[in-house]
Structure formats: C-alpha cells, structure tokens
Amino acid sequence: MTPAELTELRRQLAEITDLQALGALMFWDQNTMMPPGGAAARADMADTLQRTLHARETAPELGRLLDALEPWAAGEDPDSDDVRLVHWARRDFEKSVRVPADLAAEITRAKAVGLQAWTEALAASDYSRFRDALARHVELRHAYIGCFEGHAHPYDVLLDDFEPGLTTAELRPMFAELREALVPLVAATGDPDQPRNDGVFGGPFAVDAQRAAVLELLDSVGYDPDHWRLDPSVHPFAQSLAPTDVRLTTKYDESDYAVALYSVLHEFGHGLYEASVDPALARTTLAEPVSLGVHESQSRLWENVVGRSRPFCAFLLPQLRRQFPGAFDALDTTSLYRAVNTVQPSLIRIEADETTYNLHIILRFELELALIEGTLEIDDVPDAWNDAVARLFGLEVPSDAEGVLQDTHWGGGLIGYFPTYTIGNLMASQLWERIEADVPDVWERIEAGDFAALREWLRVNIHRHGRKLYPRELLGRVTGEELRVEPFVTYLRAKLEDAGLLAPA
Ligand code: ZN
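Sequence order as written defines the numbering, with residues in each chain counted from 1. Side-chain atom pairs in this predicted model are given and counted only at pLDDT of 80 or more, local residue features only at pLDDT of at least 70, and totals for whole chains, interfaces and linings cover all residues. Only hydrogens and water are set aside; all other atoms, that is, all heavy atoms of the structure, feed into the side-chain values.

J.: Explain the overall build of the chain residue by residue, including any values.
T.: Helix and strand counts for the chain stand at 20 helices and 3 strands. The quantity called the radius of gyration is restricted to C-alpha atoms. Its globule counterpart is 2.2 Å times the number of residues to the power 0.38. Its C-alpha atoms give the chain a radius of gyration of 23 Å, near enough to 23 Å, the size a compact globule of 505 residues would have. On the principal axes, the C-alpha backbone points of the chain span a range of 65 × 55 × 50 Å. Out of the 505 residues belonging to the chain, those deemed buried represent 53%. For this analysis, residues touch if any pair of their heavy atoms sits within 4.5 Å. Contacts in the chain between residues far apart in sequence, at least 24 positions, make up 74% of those at least 6 positions apart. For every accessible area listed, the method is Shrake-Rupley and the probe measures 1.4 Å; residues are considered covered only by the protein chains on display. On the chain, roughly 21200 Å² of surface is accessible, and the fraction owed to carbon and sulfur atoms is 53%. Of the charged side chains in the chain, 46 are positive and 82 negative; the average position of the first set lies 3 Å away from that of the second. Only runs of H or I of at least four residues qualify as helices and only runs of E of at least two qualify as strands under DSSP, and these elements are numbered from the N terminus. Burial classes: relative accessible area under 20% of the type maximum marks a residue as buried, over 50% as exposed, and values in between as partly exposed (1.4 Å probe, protein chains only). We count Lys and Arg on the positive side and Asp and Glu on the negative side, and we leave His and both chain ends out. The location of each charge is read from NZ of Lys, CZ of Arg, CG of Asp or CD of Glu.

So this is what it looks like as structure tokens:
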C-alpha cells in the first residue's frame, strides 16, 4: 500500500524537477542561441525562476510530508525507489532550509559580483581586482558551513554539495598519494615544448567538416538524433532536460580538430549517463546523476580510457582519413595512439593532457583547503599558486591570467568543486577494471566500432540508478572497493609504456 503522502510528495517533487529543467533550458539557450542583447531580460527570468524554486524547495508542507513518510519508509525495503526518494528529498530539504534566506540571497549576490570581478580581473590579468570578491566568497563559505553540524572538517560541508558522503579526511591522503605518483611520472615523460597531441590534429579544418566528423563519431558511439542535439558553444558542456532530451555542445577550432573530437567524446559520456537513467525515475529527484565525481567518471571514461586507447585509435584512424582527405595519411595507429597520450606540462588546466591533468586539481585542492583552514591569506594566493606550479610542473607562471585567475569556479564562489574532476578520473579506472572482467572482449569490440556492450554495462551498473545510490555505495556495489588511487596510476603507467612514452619499470 502506498501512503497518500507519497503521491503528494511525488507530485511536489515533479514540479520542482520541472522548474529545475526550465532553468537548465535557460542555461542551454543562453549559451547556444540567445542574442547578446537578451542578457538583461534573461537575468530577470532566472531570478524569478530561482525564487519560485527556492520557495518550493523550502515549503513547510514539504517538511510535513517528509515527517509523515519517514516512519513508513523505515519499515520498507531500503533499496526501493520510494524509500530512496524520501531519503534524498529529506537531504535536499535540509540543505535548503538550514541556510537562512538572507544568507542565501547574499551568496547569490556575491556570485554575480564575484563573476563580474573575475571577468574584469582576468581581462586585465590582475589578481588585485579579484581579491575582495574572493575574500567575500571565503567569508560566505564559512557562514554557509556554519549552517550545518556533524562534520569533522569545515571543507566536508562544501565537498558534500558536489560529492555526497566524501570527506576531507579521505581525500587528503588520496590526493597526496596521487601527487607522489604523478610528479615523477610527469618529470619522466613530459616535454613542455612539444605541441599538444604531437600536432597531429593541426588543421586548418573547416568547421562544417569538423561538425560532420564529430556527428559521424557520435553516431558510432551511441548518439540518438531523436533525443539528442549538438550545438556550438564557447565552453563545451552537456545539459539534459530529461532522459529523452539531451543537449551536447562543442567548440570548433579550425587549427586543432582535437578540441572538438575529445570534447565531444567527453560530453557524450555525460549525456549518455543522463539519457540512461531508469525511465521510472524521470520527473523525480532521483533522475539526477548522484555526484559530479560519478558524472565525471563517465565523461572521462569515454574521453580518455576509451578515446585515448590503442583500439579506439585503430577504429578512429580510418574515419579520420575518410573525413579529412589527405590530412591523416602519414599516421599509423601507433603514432596516433602515441600522439593523443603525449605529456606536456602546461599552465592551463583545461588544456592539460591526461597525465598532468590531476596535478592541476591537486594544486587547487591544496589552496582551497588552506583558504578554508585559514592558513593561507587572500593576498598570498597568487604566490602560493605560482609556488605550487613550480613545485608540481617545474614551470614559471608569467601572469595571473595564466595562473590563479584562469578558472571561473572561484569567481562564482565554487569551493569544493575541483576535486570532483580527479575523483572522476580515479573512479573511471576502477570501473574499467570491472568492465574488462565483465566484458572480456571489450577492446576487440571497440576496435570494431561496436560500443553497444560497453553502453549496456554502463547503463545497468551505473546510469540506471540515477541518484538512488551514494557514490560510495555505487562504486562499492560494482567494484567491491572504496575510491582508490592505485588503479588509475597503474592504468596510466601501462598506457604510457605501451605508447612508448615511458621506459618500462
Ligand atoms: Zn565533464
């Protein structure tokens, strides 16, 4: 028997989900279609939507429904959709109501002010124009942390918004272990002066030809034109409005086809996750991906584990030769494979290769922790950044724009977000070990351009659960493990050795 309160809870959550999807639609439109002059009107709409949503999310009625349902849920199957729905609805509700309206409004305002200050500071490459906004963000993060109790470290509260259940105490030793493994690996394989991807994707390639090429690739891996779109944007992203409506974007650089190629594979991984959630969870809070780390494990699995593998290169090369006549004739599979795995210590995170990438995240994590712990002063952030770049990459930072100001995250007050990129990389390697065991011919299939078995494994083991399982539960049920560093490092070393970029140990 289903209590009447559950029907009512589902109705209210469906409306909240619809409002969130409208927000997603506005975000997608703003970044793909909206004329620049629409920005002011769009800000009004976004504000109204946000206030409407906040009122729904914090409605006392929602709290009363949850109070009434929790005793019932305690006697039901803890894995059932309904019990998990009540659990996550309670979690979301508490996160919303514990933050006073005044503070929530202050945080929203500081985000707008901070992003504006960051944009100007980046253009001028001058950190001093951003430091007040960053100081305000740190102050407000502490006020936000103060709304919650029961955490061992203040950073846990920030982390929990992006990676539910993961703690600073777990993350700190993992990131230290990863840093110890990566610094010498980068030193042994890296060359800051070589071109990215060994220069093999250098054009010029016409945008039309690139779009046709990535659509053909998407068609091979599992893009469904009845339910998906692909549009250009300044920063590639994936945004679904429902499992049946998935929007991908990419960026075309005429002088580097790898930008579109690998961003499309990355965003496809995000899109496939959102498209493959159990349809029974649609229009509930459970239809969302469970965390940014799990989301990123899916994008990086397609971009790096699959997309930079030798079998995928063997599959891709004939496509490339057909799509861009003459441009890839001199390459063979091994040279393509080697090229897409070259290691190039560099200053900019979003341009980093797979081997150096996580060092960029470790740097940000260490600075964020120090800022939250109060051991790093706001005025000392650029020096701390530059010191870390010298320590981790052996590079000198020539300007704030290429250093501390390069990412938008801190501009908007997002602290605790960066670690999820590395969590995704670690998780992807752990999942891949399981995939190889469960689908022993997965590499042969990939080389043959058959991605169906891989998609199905991901759907059954990861995607369909949506937000039902915590990241720890999800990973534990699939691999029997907690999050670990070692599989990623083993995977990376093996690949660099196989590609001839690292002498065998
Ligand atoms: Zn991503």
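That shown, we press on.
J.: An account of the environment of Phe 93 is requested, with residue identities and associated values reported.
T.: By the secondary structure assignment, Phe 93 is in helix α4 (residues 81-97). Separated by 71 residues in the primary sequence, Phe 93 and Pro 164 have C-alpha atoms spaced 15 Å apart.

J.: Describe the coordination of the zinc ion, and please don't skip the residues or the numbers.
T.: His 266 (NE2), His 270 (NE2), Glu 296 (OE) and Glu 296 (OE) make up the full set of protein donors to the zinc ion, lying at 2.1 to 2.8 Å. With 4 donor atoms in place around the zinc ion and angles of 49 to 124° between them, the coordination shape is irregular. Think of the donor list as every N, O and S atom within 2.8 Å of the metal, or within 3.2 Å for Na, K and Ca; water never makes the list, so a site can look incomplete. Each donor residue of the zinc ion belongs to the same chain, with the gaps between them written as H-x3-H-x25-E. With His 266 and His 270 both in helix α10 (residues 257-275) and 4 residues apart, this pair spans about one turn of that helix. Like His 270, His 266 is buried. Angular criteria define each label, namely tetrahedral for four donors with all angles between 85 and 135 degrees, square planar for four and octahedral for six donors with opposite donors over 155 degrees apart and remaining angles between 65 and 115, and irregular for whatever fails these tests.

J.: Account for the sheet that holds strand β2 (residues 238-242), with residues named and values stated.
T.: Taken together, the 3 strands give an open sheet; going across it, the order is β1-β3-β2, and neighbouring strands pair in mixed fashion. Among the strands making up the open sheet, the edge pair consists of β1 (228-232) and β2. Each adjacent strand pair in this sheet contributes to an overall mean axis angle of 20°, direction not counted. As paired strands, β2 and strand β3 (residues 245-250) are joined by 4 bridges and run antiparallel to one another. Within the sheet, the bridge partner assigned to Ala 242 lies in β3 and is Asp 245. Along the sheet, α10 contacts β1, β2 and β3; its crossing angle with β3, the most-contacted strand, is approximately 165°. Only strands that DSSP links by at least two bridges are regarded as paired with each other. Axis geometry follows a simple rule: fit a line to the C-alpha atoms, using only the stretch in contact for helices, then measure angles between N-to-C directions, giving values from 0 to 180 degrees.

J.: Please set out the packing of helix α8 (residues 168-189) against helix α20 (residues 486-498) residue by residue, giving values where relevant.
T.: Put simply, α8 and α20 touch, their axes get as near as 10 Å, and they point 10° apart. When the axis of α8 is compared with that of α20, the two are roughly parallel. Taking contact as the criterion, the partners of Glu 177, Leu 178, Ala 181, Leu 182, Leu 185 and Thr 189 in α8 are, on α20, Glu 486, Phe 488, Val 489, Leu 492, Arg 493 and Leu 496. Put simply, Ala, Val, Leu, Ile, Met, Phe, Trp, Tyr, Cys and Pro go in the nonpolar bin, Asp, Glu, Lys and Arg in the charged bin, and everything else, Gly too, in the polar bin. When the residues that make up the contact of α8 with α20 are grouped by side-chain class, the tally is 8 nonpolar, 1 polar and 3 charged. Throughout, the term roughly parallel applies to angles under 35 degrees, roughly antiparallel to angles over 145, roughly perpendicular to angles from 65 to 115, and oblique to all others.

J.: Kindly report on the pattern of salt bridges, identifying the contributing residues and their values.
T.: Two side chains that carry opposite charge are able to pair once their charged atoms sit near each other. By definition, a salt bridge exists where a carboxyl oxygen of Asp or Glu is found within 4 Å of a side-chain nitrogen of Lys or Arg. This structure, assessed with the given rule, holds 49 salt bridges. A salt bridge links Asp 160 to Arg 91; its shortest N-O distance comes to 3.0 Å. Here Asp 160, found in helix α7 (residues 154-162), pairs with Arg 91, found in helix α4; they are 69 residues apart in sequence, far enough to count as distant. Grouping residues by exposure puts Asp 160 and Arg 91 together as buried. Each of Asp 67, Glu 70, Arg 90, Glu 94, Arg 98 and Glu 149 takes part in salt bridges that share partners, so that together they form one network.

J.: Describe in detail the packing of aromatic side chains, supporting the description with residues and values.
T.: For this analysis, a ring pair means two rings from Phe, Tyr or Trp (six-membered ring only for Trp) whose centres lie within 6.5 Å, classed as stacked if their planes differ by under 30 degrees, edge-to-face if by over 60, and tilted for the remaining angles. Considering all chains together, one arrives at 29 aromatic pairs under this definition. With a centroid separation of 6.0 Å and 90° between ring planes, the pair formed by Trp 385 and Trp 410 is classed as edge-to-face. Of this pair, Trp 385 sits in helix α15 (residues 381-393) while Trp 410 sits in the loop between α15 and α16 (419-438), and the two are 25 residues apart along the sequence. By relative accessible area, Trp 385 is classed as buried at 3%. Taking the centre distance of 6.1 Å and the plane angle of 40° together, the rings of Phe 488 and Tyr 491 count as tilted. Of this pair, Phe 488 and Tyr 491 both sit in helix α20, 3 residues apart, which is roughly one turn of that helix. Accessibility classification places Phe 488 together with Tyr 491 in one group, the buried group. Taken together, the aromatic side chains of Phe 162, Tyr 357, Trp 385, Trp 410, Tyr 417, Phe 418 and Tyr 421 make up a single cluster linked through ring pairs. The ring of Tyr 357 has Arg 300 sitting right over it, with the charged end atom 4.3 Å from the ring centre. Put simply, a charge is over a ring when the Lys NZ or the Arg CZ is close to the ring centre, within 6 Å, and near the line of the ring normal, within 35 degrees. If you follow Arg 349 out to its NZ or CZ, it ends over the ring of Tyr 421, 4.9 Å from the centre.

J.: Describe the domain arrangement of the chain, listing the residues and the values that go with them.
T.: Domains assigned within the chain are domain 1 (4-149) and domain 2 (168-498). The C-alpha centroid of domain 2 is placed 26 Å from the C-alpha centroid of domain 1. Across the boundary between the two partners, domain 1 contributes 41 residues, which contact 43 residues of domain 2. Between domain 1 and domain 2 the total buried area reaches about 3800 Å² when both faces are included, carbon and sulfur atoms providing 61% of it. Applying the counting criterion to the domain 1 and domain 2 interface returns 6 salt bridges. Residue Arg 283 pairs with Asp 18 through a salt bridge whose shortest N-O separation is 2.6 Å. Think of a polar contact as two N or O atoms within 3.5 Å of one another; within protein, one of them needs to be a possible hydrogen donor and the other a possible acceptor, and neighboring residues in sequence only count if both atoms come from side chains. Between the two partners, domain 1 and domain 2, sit 20 residue pairs in polar contact (both at pLDDT 80 or more). Residue contributions to the side of domain 1 that touches domain 2 peak at 13 residues, all from helix α1 (residues 4-32). A class-by-class count of the residues in the side of domain 1 that touches domain 2 yields 20 nonpolar, 10 polar and 11 charged. Domain delimitation in this document rests on an assignment produced automatically or drawn from a domain database. Note on definitions: buried area is the accessible-area loss of two parts on being combined, 1.4 Å probe, summed for both.

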